[in-house]
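# Remarks on the overall topology
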Amino acid sequence: MMKSLDALALGPSECGLTEQRGDPSTLRVTEIAPDDRIIAFDAVGLWQYRGLLRVLILRDLKVLYRQTALGACWAIAQPLFTVLIFTVIFGHFAKIPTDGAPYALFAGSAVVLWTYFAEAVRRSANGLVAEAELIRKIYFPRLVIPLATVISPMVDFAIALAVMLALMVWYGVVPDWHLVLAVPTLIVTAMLALGVSLWLGPINVRFRDVKHTLPFLIQIWMYASPIVYASSIVPASVRWLYALNPMVGLIEAFRFAVLGGTPPDAFAITVSVTAAFVLLVSGLIFFQRMERSFADVI
Amino acid sequence: MSMAISVQDIGKQYWRAPRAAHQNSLRDALSEGVRGLLSRRSEARPARESFWALRDVSFGIKHGENVGIIGLNGAGKSTLLKLLSRIAAPTTGRIRLEGRVGALLEVGTGFHRELTGRENIFLYGSILGMGRQEIADKFDAIVAFSEIGDFIDTPVKRYSSGMYVRLAFSVAAHLEPDILLLDEVLAVGDYAFQRKCMDFAHRLQASGATILIVSHNMFSVKTMCKRVIYIKNGTVAYDGPVDAGLKIYEQDSYLSHPSWYRPEQSSQDFRITGVEIVDAAGEGKTVFSHGERMRIRMRYAADLPIHDANVSCSFTRADETHCCTFSTLLDAAPVPVITGTGTIELLTPPLRLTADDYRVSISVRRKGFDTIADAKIGARFHVQHPDLDPYIFGIFHEEGHWTFGR
């Protein structure tokens, strides 16, 4: 009896507590007070939790395809079948003009970027609610959640892009130096997705309507973007209105980066970049205003 | 000397139901907003009902001090802990914390069921604010402390609940905070692991950490803290030495409802109005010897008669372990119709409980519907015995008959 109890006692090394604490004057100080500043961005706090950002991204990647028979093949299968259906219906049956490119490549290049955007928005707008337990029980900068969910679908994006490039080789189309433009396009798309999510996420915490609206919104947004068709089929008189959709410029730019052809419209690109910046900055302000009450309402 | 925790006039205001319950969809918020625009008068909108979960709470805790936060359910203890750990923001006041803060409001939130134990150590460690290198350095110690062994590469969804909690606590225990905020988490796992956790907390205490424990568990508060802060209705009702604080708390908790009780389950037409403990001869007392019999007398007031009631009386040890229950249903005691006012008395068999503090709680259920008519926490008593330490002898002790063969 006594022996078994002794076995429970811990040596100091076992629990890692060997040293005495340091001088209190050198300790990190945290001040908590009601905050009504309009703009308060805690970059230092966010930096301290960069490890958590990394771990959450890794967790999303590990968990996503775990206990699935095909594993990461799903990252390929989804866009591949989407492109296949688009090619059959819009390419062969409806014979939508593509400015000369094979339809599969024309649609594929857009689907790769669009799938990233849609996934990033879907995951991060729902991310806060999905992590409700964490938010209720543990403190960390809440911004880590939308950041992680905007970054993690980039891996699927990379896989899909690789498949896209393989498809191009199959069709005998070789990308040129324009391909480097894919990088800034992806970055602006990620900023836009983050900006949208920084607005939708906190609203979703308060009103779960967002969860129901989102699939619908994403679908409409997809048809309002030049994915299955070229923006050249939009009548010139309303083209400016059409280009107010920030994804128009981004998809055109990405398609240009991958396939070459007509360069994207300068006005559309300006709209995309401006929208991304405006949504991101206003989203950050909105998010930090709302995050202090997350634990109370989620 | 500077304070590890200084809390100045903090308050937390919450908005109660109508708003929270009915305005959770966007449509309601929009229609509310439109109505507000149209009528422009503030009285046209239902007044938002607010309440203060905490109000004007101030205290200071020195470096290395260990303080227990006690209070009845809903008094504001958990709210206080949420404010201190930055999970929720205070409505008023200021909090200043010196040092690395580790807050454990619940063990294991943040674990992902699909991930292995190894992956979860890194995940949970990061969530608690540990760096990657720090987790890697402590990894072996965490695994050893958790006693998980070879299961470390198994997804945690295959773990038993005990293993899950042990692994989670082990990660948390290696956080090495300067200030540790604990909410009831010591009451997890089996008894041996609980003891290990207590040892750990003592060691953390010895190394000079500041610990704040929120607990119903008088036992852990008593062993860990010299000072308690008693929160009552959102304000500090007592702040001082532990014994006097616990006494006030016990007086207040007498005839309060147990934590599992939900008032909507019952109408108010039956009330337990008193519970007292006397010895077999009828003398009131609170300290009993092991082996002594006890009478528990309950007074009631019934506005409507209760037929075939099921009356039960439970003993709960100070560490919230439910030890035993006497029940008229199980003991097949004849129960007359309960009506008007009266008393019900239970004479226990000789008490075989080990030496510790216990609490009596009484519940009366309506048979057939099995709804609760009332449930109350009654008096407390202490069992005395020179040798029967609950750490060694468990919950009860009875003589056995030993035979030695060769």
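Note that the structure is a prediction, hence the values are computed from the model and not measured.

### A short note on the overall build of chain B
The secondary structure content of chain B amounts to ten helices and 17 strands. Among the 406 residues that make up chain B, the fraction classed as buried is 40%. Contacts in chain B between residues far apart in sequence, at least 24 positions, make up 74% of those at least 6 positions apart.

### Here's the deal with the overall build of chain A
Along chain A, the regular secondary structure elements total 14 helices and one strand. Considering only intrachain contacts with a sequence separation of at least 6, the fraction spanning at least 24 residues in chain A is 79%.

### Remarks on the UniProt feature "domain: ABC transmembrane type-2" (unreviewed entry) in chain A
As recorded in UniProt, the feature "domain: ABC transmembrane type-2" (unreviewed entry) lies at residues 70–290 of chain A. In residues 70–290 of chain A, the share of helix is 75% and the share of strand is 0%. The end C-alpha atoms are 40 Å apart.

### What about the sheet that holds strand β8 (residues 227–232) of chain B?
Residue and element names in this part refer to chain B. Spatially, six strands are ordered β5-β6-β7-β3-β8-β9 in an open sheet, and the strand pairing comes out mixed. The open sheet has two edge strands with one neighbour each: β5 (101–104) and β9 (235–241). On average, each strand axis in the sheet is tilted by 15 degrees relative to the strand beside it, whichever way the strands run. Sheet analysis places β8 next to β9, joined by six bridges and oriented antiparallel. If you follow Ile-229 over to β9, its bridge partner there is Asp-239. Packing of helix α3 (residues 77–84) onto the sheet brings it into contact with β3 (66–70), β6 (179–183), β7 (210–214) and β8, and relative to β6 it is tilted by some 150 degrees.

### Some details on the nonpolar core
Formed by 151 residues in total, the largest nonpolar core has its most connected members in Ala107(A), Val144(A), Ala168(B) and Leu181(B). Element by element, the count of residues in this core is highest for helix α5 (residues 103–130) of chain A, at 17 residues. Apart from residues no more than four positions distant in its own chain, Ala107(A) is found in contact with Val83(A), Phe86(A), Thr87(A), Ile227(A) and Val228(A). With 25 residues, the next largest nonpolar core counts Cys313(B), Ile344(B), Leu351(B) and Ala375(B) among its residues.

### A word on the UniProt feature "transmembrane region" (unreviewed entry) in chain A
Residues and elements named next belong to chain A. According to UniProt, the positions carrying the feature "transmembrane region" (unreviewed entry) are residues 69–94, 100–118, 143–171, 177–200, 220–242 and 266–287. The distance from the first to the last C-alpha atom of residues 69–94 is 35 Å, and the span holds 81% helix and 0% strand. Annotated as residues 266–287, this span is 100% helix and 0% strand, and its ends, taken at the C-alpha atoms, are 31 Å apart.

### Points about the pairing of β5(B)
All names here are of chain B. Here β5 shows two buried faces, one formed by Val-101 and Ala-103 and the other by Gly-102 and Leu-104. Pairing of β5 with β6, which is carried by four bridges, proceeds in the parallel orientation. Bridge assignment links Leu-104 to a residue of β6, and that residue is Leu-182.

### Some words on the interface of chain B and chain A
With 59 residues of chain B at the contact, the number on the chain A side is 39 residues. For the side of chain B that touches chain A, the secondary structure elements donating two or more residues are α2 (26–39), α3, β4 (92–98), β5, α4 (117–127), α5 (132–146) and α7 (191–206) of chain B. In terms of residue count, α7(B) provides more of the side of chain B that touches chain A than any other element does, seven residues in total.

### Observations regarding the packing of α5(A) against helix α7 (residues 144–151) of chain A
All names here are of chain A. At their nearest, the axes of α5 and α7 sit 8 Å apart, and the two run at 155 degrees to each other. Comparing their axes, α7 and α5 come out roughly antiparallel. The chirality of how α5 crosses α7 is right-handed. Contacts from Ala-120, Arg-123, Ser-124, Gly-127 and Leu-128 of α5 reach α7 at Ile-145, Pro-146, Thr-149 and Val-150. Across the contact of α5 with α7, the residue classes break down as five nonpolar, three polar and one charged.

### Considering unusual backbone geometry
Residue and element names in this part refer to chain B. Here the phi dihedral of Asp-9 falls at roughly 50 degrees; this positive angle occurs in a residue that is not glycine. Using a count of 12 C-beta atoms within 10 Å as the deciding quantity, one classes Asp-9 as exposed. Backbone geometry places Asp-56, a non-glycine residue, at a positive phi of 50 degrees. Looking at where Asp-56 falls in the secondary structure, it is placed in strand β2 (residues 50–62). For Asp-56, a count of 14 C-beta atoms within 10 Å translates into the label partly exposed.

### Comments concerning the sheet that holds β2(B)
Taking strand neighbours across the sheet as the criterion, the four strands line up as β1(A)-β4(B)-β1(B)-β2(B) in an open arrangement whose pairing is antiparallel. Looking along the sheet, the strands with just one partner apiece sit at the ends: β1 (29–32) of chain A together with β2 of chain B. When strand polarity is set aside, the average angle formed by the axes of neighbouring strands in this sheet is 15 degrees. One ladder, built from four bridges, connects β1(A) with β4(B); its direction is antiparallel. Residue pairing in the sheet places Val29(A) in a bridge with Glu98(B) of β4(B).

### A short note on helix α13 (residues 266–290) of chain A
Residue and element names in this part refer to chain A. With 25 residues, α13 extends 35 Å from end C-alpha to end C-alpha; this agrees with the ideal 36 Å at 1.5 Å per step. Buried within α13 are the following residues: Ala-268, Ile-269, Val-271, Ser-272, Ala-275, Ala-276, Leu-279, Gly-283, Phe-287 and Gln-288. In this fold, the buried residues of α13 make contact with α9 (182–206) and α12 (246–259).

### Here we look at the environment of Phe81(A)
Inspection of the secondary structure assignment puts Phe81(A) in helix α4 (residues 73–93). Counting along the chain gives 23 residues from Phe81(A) to Leu58(A), while the straight-line C-alpha distance between them is 26 Å.

### A closer look at the confidence of the model for chain A
A low pLDDT score tells you not to read the predicted coordinates there in detail. For chain A, the average pLDDT comes to 85, and 90% of its residues sit at 70 or higher. Predicted confidence for residues 1–19 of chain A stays below pLDDT 50, and this span has 28 contacts to residues more than four positions away or in other chains.

### What to know about the packing of α4(B) against helix α6 (residues 161–173) of chain B
All names here are of chain B. At a minimum axis distance of 10 Å, the contact between α4 and α6 shows a crossing angle of 40 degrees. Considering the angle they form, α4 stands oblique to α6. Handedness of the crossing formed by α4 with α6: right-handed. Contacts between α4 and α6 involve Gly-117, Asn-120, Ile-121, Tyr-124 and Gly-125 from the former and Leu-167, Ala-168 and Val-171 from the latter. Broken down by class, the residue content of the contact of α4 with α6 amounts to five nonpolar, three polar and no charged.

### Brief notes about the environment of Gln78(A)
Residue position: Gln78(A) is located in helix α4. Distance in space between the C-alpha atoms of Gln78(A) and Phe41(A) is 37 Å, their sequence separation being 37 residues.

### Notes on the environment of Pro184(A)
Residue placement: Pro184(A) occurs in helix α9. Put simply, Pro184(A) and Ala158(A) are 26 residues apart on the chain and 14 Å apart in space, counted from C-alpha to C-alpha.

So, how was this worked out
Residues numbered from 1 in each chain as written. Chains lettered and ligands numbered in written order. Predicted model: local features only at pLDDT ≥ 70, side-chain atom pairs only at ≥ 80, totals over all residues. Helix = DSSP H or I, 4+ residues; strand = E, 2+ residues; numbered from the N terminus. Buried ≥ 20, exposed ≤ 12 C-beta atoms within 10 Å, placed from the backbone. Contact = placed C-beta atoms within 7 Å. UniProt positions renumbered as here; feature names shortened; annotations may be inferred. Pairing = 2+ DSSP bridges. Axes fitted to C-alpha atoms, helices over the stretch in contact; angles between N-to-C directions. Core = buried A, V, L, I, M, F, W, Y, C linked by C-beta atoms within 7 Å. Parallel < 35°, antiparallel > 145°, perpendicular 65-115°, else oblique. Left-handed = near helix turned anticlockwise from the far one by under 90°. Nonpolar A, V, L, I, M, F, W, Y, C, P; charged D, E, K, R; others polar. Expected span 1.5 Å × (residues − 1). pLDDT = per-residue confidence, 0-100.

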